[in-house]
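Take a look at the letters that make up each chain.
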Amino acid sequence: MLLRSRITGTGSYAPEKVLGNFDLEKMVDTSDGWITERTGIKERRIAKGIQSASDLGVEAAKKAIHMAGIMPKDIDMLIVATMSGDMPMPSTASIIQEKLGIKNSPAFDINAACSGFIYGLEIADSFIKSGKFKKVLLVGTEVLSRFTDWEDRTTCVLFGDGAGAVIMEPTKRNRGIVSMQLHSDGSLWDLLCVPGGGSRHPASKETVKDRLHYIKMKGNKTFKVAVKALESLVVNTLKANKIKPSQIALLIPHQANLRIIQAVAKRLHLPMSKVVVNIDKYGNTSSASIPLALDEAVRAGRINDGDYILLEAFGGGLTWGAALIKW
Ligand code: UT7
C-alpha cells in the first residue's frame, strides 16, 4: 500500500489591529468604494511593532499542533513559507523551531511568494511519501505591512498580515494529497517584486530614498496573467485526476483579488457557496492566505471526511500551483 500525506491539524493567527478601507482613505487618495469594487477587500490586519513573522507563525503552529494531538517534540521536519521573514538569515523556520522548543528536526524557509504554501505542501508531501519524515509542520506567515509602501495607493490597499499552519502525517488510507501542480515563469519576475535589500540592491541611503524596500507590482498585467494561468491550472489539475468540477466540495483559493477568485470559480462552474472567501477581512496575506482560509473552513465544519478540496495560488516569480486533496 502506497504512503500518502494527510493534513491532521490546522491553525491560524491574525493580529488584533484592524486597518479598514476608511482608515486608508485618510492616508492615500483612495476610497472604500474603489477598493471594495476592484479587490473585495474591506479591512486587513496589521502586526504590532514587536511582532515579526515568526511570532505570527508560532501562534498558528501551536493551534495546528494542538488539533493534530501531537507535541512539538514529535515534529521531525519544519518548513516555513514566507517572503517577509524575521531577517535574511537565519531562516524564520529556525527561529520558530526555537520558540516552539522543537529539537532535532531540519528547518528551512521557502520563498515562492504567494504560492509559497502550495510549494511547501509539495515538498512536505514528497518527504512524507518517501518515508523519511512522519510529522511535518508547514507554516505560511507574513508581515507584509513592513514591506508595504504606505504612500503608494496602487499597492498599500492590498496587503495584510497573518499566518496559517498545518501538520502533515503519513496515511495508508485513501485520503490526503491526491495531486500537486507547481509552475513558475521567471521571465515575468519583475511584475511583482521587492527590489531592495538583497545582493542586487543592498540596503543603502539610496535604496531607502528610492523606496526599493517596498513591494512593487504591475497590478493590471499581473491580474491578467493570474486569471489565465489559474483557469487552466484548475481545469488541468481536475482533468489529470479524472475528477469532475461538481465533485469538488470546496475551493480554497489564494486571496489576492475577489475578481480573480470569482473568475476561477466560474471557469469550474462552482457556485460561490463552494468557495472559501475571507479576503474582505484580511486582504492579501501572501503565503499565509491559503492555510488561514483552510483553518477557518475546517473550524467552521465546512470540510467533511472524504471531501475533495482544491487549493490554488498565484504570486511573485511569477509562480502558481494547485493541490487536490481528499480530506
Ligand atoms: O497575490 C499575488 C498576485 N497578485 C495579484 O494577482 C493581484 C493582481 N492585480 C489586481 O488585483 C488588480 O490589478 C489591482 C486591484 C491591483 C488593480 O485593479 P485594476 O482593475 O487592475 O486597476 P488598474 O491598475 O488598471 O487601475 C485603474 C485605475 C488607475 O487610474 P487611471 O489610470 O485609470 O486614471 C489607477 O491609478 O485605478 C487607479 N487606482 C486607484 N484608484 C483609487 C489604482 N489604485 C487605486 C486606489 N484607489 N487604491
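Just above sits the structure.
Below, the structure is looked at part by part. (Residues numbered from 1 in each chain as written. Predicted model: local features only at pLDDT ≥ 70, side-chain atom pairs only at ≥ 80, totals over all residues. Heavy atoms only, no water.)

1. Some thoughts on the overall build of the chain
Consideration 1: The helix and strand tally for the chain stands at 11 helices and 13 strands.
Consideration 2: Taken over the C-alpha trace, the chain has a radius of gyration of 19 Å; the compact-globule value for 327 residues is 20 Å, and the two agree within 12%.
Consideration 3: Considered along the principal axes of its C-alpha atoms, the chain spans approximately 60 × 45 × 35 Å.
Consideration 4: Across the 327 residues of the chain, 55% fall into the buried class.
Consideration 5: Across the chain, contacts joining residues at least 24 apart in sequence account for 77% of those joining residues at least 6 apart. (Helix = DSSP H or I, 4+ residues; strand = E, 2+ residues; numbered from the N terminus. Rg over C-alpha atoms; globule rule 2.2 N^0.38 Å. Buried < 20%, exposed > 50% of the residue type's maximum accessible area, 1.4 Å probe, protein only. Contact = heavy atoms within 4.5 Å.)

2. Comments concerning the sheet that holds strand 11 (residues 248–253)
Consideration 1: Taken in spatial order, the 4 strands of this open sheet run 8-13-12-11, and their pairing is mixed. Two strands lie at the open edges of the sheet, namely strand 8 (176–184) and strand 11, each paired on one side alone. When the angles between neighbouring strand axes are averaged without regard to direction, this sheet yields 10°.
Consideration 2: Of the pairings in the sheet, the one linking strand 11 to strand 12 (residues 308–315) comprises 5 bridges and is parallel in character. Looking at strand 12, one finds that Leu250 is bridged to Ile309. (Pairing = 2+ DSSP bridges. Axes fitted to C-alpha atoms, helices over the stretch in contact; angles between N-to-C directions.)

3. Focus: the sheet that holds strand 7 (residues 161–171)
Two modes of strand pairing occur in sheets, parallel and antiparallel, and in both the strands are linked by backbone hydrogen bonds.
Consideration 1: Pairing within the open sheet is mixed, and its 5 strands lie in the order 1-7-6-4-5. Looking at which strands have only one partner, the edges of the open sheet turn out to be strand 1 (4–13) and strand 5 (107–110). This sheet shows a mean twist of 20° between the axes of neighbouring strands, independent of strand direction.
Consideration 2: Here strand 4 (residues 77–81) runs beside strand 6 (residues 136–143); their pairing, made up of 5 bridges, is parallel. Bridge pairing in strand 6 places Ala81 opposite Gly140.

4. Here's the deal with unusual backbone geometry
Consideration 1: Residue Pro90 follows Met89 across a cis peptide bond; omega there is 5°.
Consideration 2: Backbone torsion omega between Gly317 and Leu318 reads -15°, so that peptide bond is classified as cis.
Consideration 3: Here Leu318 shows up in the loop between strand 12 and strand 13 (319–326).
Consideration 4: With phi around 50°, Ala113 is a residue other than glycine that occupies positive phi space.
Consideration 5: Assessed through its relative accessible area of 11%, Ala113 is described here as buried.

5. As for the site of the ligand
Consideration 1: Around the ligand, the structure places 24 residues, and the nearest of them are Thr30, Arg153, Asn220, Asn257 and Asn284.
Consideration 2: Trp34 places a side-chain nitrogen or oxygen 3.3 Å from an oxygen atom of the ligand.
Consideration 3: Counting residues per element, the ones that place at least two in the shell around the ligand are helix 2 (32–39), helix 6 (153–156), helix 8 (219–240), helix 9 (258–267) and strand 12. (Near = heavy atom within 4 Å. Polar contact = N/O pair within 3.5 Å; in protein donor to acceptor, adjacent residues only side chain to side chain.)

6. Some points on the environment of Ser187
Consideration 1: Topologically, Ser187 is positioned in the loop between strand 8 and strand 9 (192–193).
Consideration 2: When the C-alpha positions of Ser187 and Gly317 are compared, they lie 8.3 Å apart, and in sequence the two are 130 residues distant.

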